[in-house]
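Fold and geometry: a report
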Amino acid sequence: MTAINNISPVSFRSTYVLPFDELKKVGHEGSRQFGKETTDFLNNDLNNVMTTPEGLAVKVDNNRDKEYEAIIAKYGLNIHKYNGEDLKGESLDTNAYKFLVSKINPDKAEEMVAKYKEMNKDEKQEAYMKAYKEFKASAYSAENSAKTGTPHITPTNAPILKYKGKDGENYMARPVRLDNGYPCIAVATEKEPSKVMLMNEEEFKKFMLETAPEIKK
């Protein structure tokens, strides 16, 4: 799945949860294809996708349940309805943030969540995206944990794109291909060139927009 842009609490009218363990079962390539079909089904509206401790919560209109069930059946995923409420009564954005930091920084998770609850909307957005990017690059993300081993990538003849992010990091991005021919963008920082994030072209566009500095007039 791609990055979640809207973390405001949402009451989904008809929602499925896709457990992370089930996404692992379809494998790295399968989870990518499933993610593409899901976002196409949702007309690329990422406001209808949210991370929860149970898995990825996806909003589905009641009138389109059967269509989405067909996509799920294609990939052999087990799903269940989700009422959009956290079991402990906390908002979905807090719930999602708690899940991310509990994985990437478990020793300080409780303290970080407490501070998060006191933040304003803009501060929460910034804190969430920072945690999400760290989580996505970690071994805990659905895509990384679905890998059976380190994928072999082959660089293409396309030039390396370099840009400075708003966090001060110097990023490098280069089109590559996996052994099965799947095209990806390999992204790393000049500080840690061996720590590579693989993402498809659409994911990279969103990642670049999120990390590139704003141009002030």
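Model, not experiment: these values are computed from the prediction. (Residues numbered from 1 in each chain as written. Predicted model: local features only at pLDDT ≥ 70, side-chain atom pairs only at ≥ 80, totals over all residues. Heavy atoms only, no water.)

Below, the discussion takes up the overall build of the protein. Counting secondary structure elements, the protein contains eight helices and nine strands. Looking at the protein as a whole, 43% of its 217 residues qualify as buried. Expressed as a percentage of contacts within the protein between residues at least 6 apart in sequence, the contacts between residues at least 24 apart total 61%. Of the roughly 12,400 Å² of accessible surface on the protein, 51% is carried by carbon and sulfur atoms. (Helix = DSSP H or I, 4+ residues; strand = E, 2+ residues; numbered from the N terminus. Buried < 20%, exposed > 50% of the residue type's maximum accessible area, 1.4 Å probe, protein only. Contact = heavy atoms within 4.5 Å. Areas by Shrake-Rupley, 256 points an atom, 1.4 Å probe, with all protein chains shown as cover.)

Applying the stated criterion across every chain, the model contains eight aromatic pairs. With 5.8 Å between their ring centres and 80° between their planes, tyrosine 171 and phenylalanine 207 make a pair best called edge-to-face. With tyrosine 171 in strand 7 (residues 170-178) and phenylalanine 207 in helix 8 (residues 201-211), this residue pair connects regions lying 36 residues apart in the sequence. Classification of phenylalanine 207 by relative accessible area gives buried; the value is 7%. An aromatic cluster of three or more residues is present, and its members are Tyr16, Phe41 and Tyr68. Stacked on the ring of phenylalanine 41, the Lys or Arg arginine 64 has its end atom at 4.0 Å from the ring centre. (Phe/Tyr/Trp six-rings, centres within 6.5 Å; stacked < 30°, edge-to-face > 60°. Lys NZ or Arg CZ within 6 Å of the ring centre and 35° of its normal.)

Turning to helix 3 (residues 65-75), a few remarks are in order. When helix 3 is considered as a whole, its buried residues turn out to be Asp65, Tyr68, Ile71, Ile72 and Tyr75. When helix 3 is viewed along its axis, its buried side chains cluster within an angular range of 125° and face the same direction. Helix 3 presents Lys66, Ala73 and Lys74 as exposed residues on the side facing more than 90 degrees away from its buried surface. Of the surrounding elements, those touching the buried residues of helix 3 are strand 1 (15-19), helix 2 (27-41), strand 3 (55-59) and strand 4 (80-81). Downstream of helix 3 by one or two residues, glycine 76 has phi in the positive range, about 65°. (Arc of directions from axis to C-beta.)

When the pLDDT values of the protein are averaged, the result is 76; 78% of them are 70 or greater. Here helix 7 (residues 142-145) is the element of the protein with the lowest mean pLDDT, 56, and helix 5 (residues 109-117) is the one with the highest, 90. Overall, residues 1-11 carries pLDDT values under 50, and its contacts beyond four positions in sequence, including any with other chains, amount to 43 contacts. (pLDDT = per-residue confidence, 0-100.)

This brings us to the pairing of strand 6 (residues 161-164). Relative to strand 7, strand 6 is paired through four bridges, and the arrangement is antiparallel. If you follow lysine 164 over to strand 7, its bridge partner there is asparagine 170. In this structure, the hairpin formed by strand 6 and strand 7 is closed by a connection of five residues, where glycine 168 is found at a positive phi of approximately 90°. (Pairing = 2+ DSSP bridges.)

On to the pairing of strand 3. Most of strand 3 is tucked away: four of the five residues are buried. Pairing of strand 1 with strand 3, which is carried by five bridges, proceeds in the antiparallel orientation. By the bridge assignment, tyrosine 16 is partnered in strand 3 with valine 58.

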